[in-house]
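Spelled out from the first residue to the last, the chains are:
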Amino acid sequence: QCEEVRLDIDRWNLECEFNNIDHRTDLNGVDRLIVRRGQTFTISLYLRSGSYQPGVSSLDCVAETGPQPSEQYGTRASFGLSANIDTSCWSAAVTSPPGDMVALSICSAPDAPIGRYTLTLGRSGRIEFILLFNPWCAGDAVYMDNEQNLAEYVLSQDGIIFRGSYKHPIPTPWNFGQFEGGILDACLRILDMNPKCLRNPGKDYSGRRNPIYVSRVLSAMVNCNDDKGVLLGRWTGDYSGGVSPMVWKGSVEILRNWDAQACQPVCYGQCWVFAAVACSVSRALGIPCRVVTNYLSAHDTNNNLVIERYINENGEPIQSREMIWNYHCWVENWMTRPDLKSDFNGWQATDPTPQEKSEGVYCCGPVPVRAIKEGELTFKYDAPFVFAEVNADIISFMKKKDGSTSKVTSTTLVGQNISTKSVGSDAREDITHLYKYPEGSDEEREAFKKADHQNKLLHQEQNQGLHLTIKVTSDMRKGCDFDVFALVTNNTQSTKKCRLVFGSSAVSYNGFLKGNCGFKDLLNVELSPGAGEPSLPLRLNYSKYGELLTEDNLIRLAALLLDYTTRESVLAVRNIVLENPEIRVRILGEPKENRKLAAEITLQNPLPEPLEACCFSIEGANLTGGCVITERLGSSVGPGEDAKVKVYFTPTHSGLRKLVVDFDSNKLGHVKGYRNVIIGK
């Protein structure tokens, strides 16, 4: 039996380029070692004396993370050389022939905590690396077995977030930029600044092995409501002390600002910004993630699955804390749920927008999307709140001038057209079926029973007598005058005498009213039995709505029909979104890596008045050097005229990239556009 001889290491090479490419982290750069857990990486050791002899040479390795590394917490692992790598735990093996250069292969455990590590090799070697989640590793809780999905949900640095309205989803481009310079460091800093880490770092670092824990920490840390989080939300329209959430085109600037200003919150965010930043951080850390949009999203504050909506006698809503948001965005992270039954693995909803407290902190999730569909409201975390967002019942009441209230018939449905970007294309994928069973199906009833959703179960047939809907035309563009229509049908046997109130007001995406855009009050509407009446038009003029519109371009239409004989009232509500003009992007020249490229960007002024202070800004992952490029126009742009600029940038990596464009001016704010560019080698 030979005596073991410790390897005498002189120097080493971490082979960052080879390893980072192999671990799909090379877009972060190849100047430091960034690897994924449960996967082998290889470094070169150069010996000071002697040579490596199989079975004789030995090397003690210790991997440590966090301020108080301990084997009990899983934040310290010690291991020696084995004949072969064991991918189920920390292990090391030599993969080169005997000699004075040693190729040392090392594998981390597939459930090791993620983060910054030091690896001590024998007495003299000490290397540093960053360890990430590994969705390519079958032993990792975030494992995903589809290459196209991995390319979209982990590696893609740009995407589409759906806004607008459920009848008219509008794609907004976003630069996630999770591999841009400094972003990974900012993401690790987010973990270090979270209150759980500040209170008990040893326990928090240990928790970082678990994507459920990490997702929940991120959902709290992307907003700054209880901690040194990234973004401050504001929905009032007064953005002094910061910028409107509409200004952002990507997460890079937000994360860099937070990191640079000593973790002071960045001002301001709204739901899609919170969700997009959470998506960037999740992808940066290696958790597959996507942004989803729920149209007509309920904000239920008391967990009774009912939203009580009050209107006045003109059909205008009376503001309350329980609201229906025109849309609401959150994220889904992909992971197993060993704490639940195995059918609840897969997509987990987490919501970083601060709405309600969970365990005393503004965070929400992760909750399995499947649990929402099945009505399993006891499953962790925050299932009742998310279930209500997609399933709450709306009951409408009219508050009269004398203080009395009466119930109003209305057919607004919550949780429509739940949307996310398709894999490998910019098309919208409808994922409503992942959150709910078909309306009226037996399975839906079962889910409602399980969730004790009494209101939906008791749903009597609505008033079948008078029917009211709102119809619109397709050409509702900002700057135009156009008509919207109320359609009334009398399904009873008798002639009806009614009052019809038809109003419109500018509204923010989360339901706050900004002023009347047009109003009609018809006191003597006579409806003969059976027949539908001619539609009643309401004219919306730019001269009236132009000043009132918020940056969301939304107008709330409400028609209220009052039956003089039965005293019944019927309400129809519809949000419309006005189209912004298209931004055209022309790429000049052949796009190649590290070669200067020009883009010509044009927008035609659709308004009947000139645009002043026009400004284009662009950004794109691996296109604009991690910066936002801004071009201002020297002169005003008259009605029908083009605002046009030429912008230069140098792409750094080949592949398909999105150039994201924002146009701003005094009268037309934050119009978004983009162009997909294929960069050659």
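Please read these numbers as outputs of a predicted model, since none were measured by experiment.

Draft legend 1. Focus on the sheet that holds strand E10 (residues 115-121). The strand order across the open sheet built from five strands is E3-E11-E10-E6-E7, with neighbouring strands paired in mixed fashion. A strand with exactly one partner marks an edge of an open sheet, and here the two such strands are strand E3 (34-36) and strand E7 (76-79). In this sheet, adjacent strand axes meet at a mean angle of 30° when their direction is disregarded. Here four bridges tie strand E6 (residues 61-65) to E7, and the two strands are oriented antiparallel to one another. Opposite Val 62, over in E7, you have Ser 78 as the bridge partner.

Draft legend 2. Fine view of the sheet that holds strand E26 (residues 416-421). One open sheet accounts for six strands, arranged E23-E20-E19-E16-E26-E27; its pairing is antiparallel. Of all strands in the sheet, those bounded by a partner on one side alone are strand E23 (367-368) and strand E27 (428-430). Two strands pair when backbone bridges link them, and E26 and E27 are joined in this way by three bridges, in the antiparallel orientation. Within E27, the residue paired with Lys 421 across the bridge is Arg 428. Contacting strand E19 (323-335) and strand E20 (346-350), helix H6 (residues 211-221) crosses the sheet at an angle of about 150° to E19. The strands touched by helix H10 (residues 383-391) are strand E16 (289-299), E19, E23 and E26; relative to E16, the strand with the most contacts, the crossing angle is about 70°.

Draft legend 3. Molecular detail of unusual backbone geometry. Omega for the bond connecting Cys 267 with Tyr 268 falls within 30 degrees of zero, at 10°, which places this linkage in the cis form. Inspection of the secondary structure puts Tyr 268 in strand E15 (residues 266-269). With omega at -10°, the peptide bond leading from Lys 380 into Tyr 381 counts as cis. Here Tyr 381 shows up in the loop between helix H9 (369-374) and H10.

Draft legend 4. Broad picture of the layout of surface pockets. Of the voids in this model, the largest pocket is the one considered here, and its volume is about 740 Å³. Along its surface, the largest pocket is lined by 38 residues, and Leu 296, Arg 309, Thr 412, Val 573 and Arg 574 are the ones closest to its centre. Those elements giving two or more residues to the lining of the largest pocket turn out to be strand E17 (306-311), strand E18 (317-318), E19, strand E28 (466-472) and strand E34 (569-577). Looking at the lining of the largest pocket residue by residue, the classes come out as 17 nonpolar, 14 polar and seven charged.

Draft legend 5. Spotlight on the nonpolar core. Trp 174, Leu 231, Ile 254, Trp 272 and Leu 285 are the most contacted members of the largest nonpolar core, which totals 62 residues. Broken down by secondary-structure element, the contributors of at least two residues to this core are strand E11 (125-132), strand E12 (158-165), helix H3 (183-193), H6, helix H7 (252-260), helix H8 (271-285), E16 and E19. Residue contributions to this core peak at twelve residues, all from H8. Core analysis: the next-biggest nonpolar cluster, separate from the first, contains 54 residues, Leu 466, Val 488, Ala 559 and Ala 599 among them.

Draft legend 6. Examining empty space enclosed by the protein more closely. Evaluation of the coordinates by the stated rule reveals three cavities of 30 Å³ or more. Each pocket or cavity is described by its volume, and for the largest cavity that value is around 80 Å³. Lining the largest cavity, in full, are Glu 152, Tyr 153, Gly 159, Ile 160, Phe 176, Arg 283, Arg 290, Val 291, Thr 420 and Lys 421. Of all the elements in the fold, those that place two or more residues in the lining of the largest cavity are helix H2 (147-155), E12, E16 and E26. A class-by-class count of the residues in the lining of the largest cavity yields four nonpolar, two polar and four charged. Of the volumes computed, that of the second largest cavity is approximately 50 Å³. Forming the boundary of the second largest cavity are Ile 372, Lys 373, Phe 387, Asn 391, Tyr 435, Lys 436, Tyr 437, Glu 444, Ala 447 and Phe 448. Taken together, the elements giving at least two residues each to the lining of the second largest cavity come down to H9, H10 and helix H12 (442-450). Looking at the lining of the second largest cavity element by element, the count peaks at three residues for H12.

Draft legend 7. Local environment of the UniProt feature "active site" (unreviewed entry) in the chain. Mapped onto the present numbering, the UniProt feature "active site" (unreviewed entry) falls on Cys 271, His 328 and Asp 351. For the residues just named, distributed over 81 residues, the greatest C-alpha separation is only 9.7 Å, placing them together at one site. Mapped onto the fold, His 328 is located in strand E19. Accessibility expressed as a relative area gives 1% for His 328, which makes it buried. Residues contacting His 328, with those up to four places away along its chain left out, are Cys 271, Val 292, Thr 293, Asn 294, Ser 297, Asp 351, Thr 353, Gln 355 and Glu 389. For Asp 351, the position within the fold is in the loop between E20 and strand E21 (357-358). Overall, the relative accessible area of 2% leaves Asp 351 in the buried class. Other than its neighbours up to four places away in sequence, Asp 351 contacts Ser 219, His 328, Cys 329, Trp 330, Cys 363, Cys 364 and Glu 389. Of note is the side chain of Asp 351, whose polar atom sits 2.7 Å from the side chain of His 328.

Here is what the cut-offs are and how they apply
Residues numbered from 1 in each chain as written. Predicted model: local features only at pLDDT ≥ 70, side-chain atom pairs only at ≥ 80, totals over all residues. Heavy atoms only, no water. Pairing = 2+ DSSP bridges. Helix = DSSP H or I, 4+ residues; strand = E, 2+ residues; numbered from the N terminus. Axes fitted to C-alpha atoms, helices over the stretch in contact; angles between N-to-C directions. Contact = heavy atoms within 4.5 Å. 1 Å grid on protein atoms, 1.4 Å probe; cavity = no way out; pocket = protein on both sides within 12 Å on 5 of 7 lines; lining within 4 Å. Points joined across faces, edges and corners; volume = space filled by probe spheres on them. Nonpolar A, V, L, I, M, F, W, Y, C, P; charged D, E, K, R; others polar. Core = buried A, V, L, I, M, F, W, Y, C linked by side-chain atoms within 4.5 Å. Buried < 20%, exposed > 50% of the residue type's maximum accessible area, 1.4 Å probe, protein only. UniProt positions renumbered as here; feature names shortened; annotations may be inferred. Polar contact = N/O pair within 3.5 Å; in protein donor to acceptor, adjacent residues only side chain to side chain.

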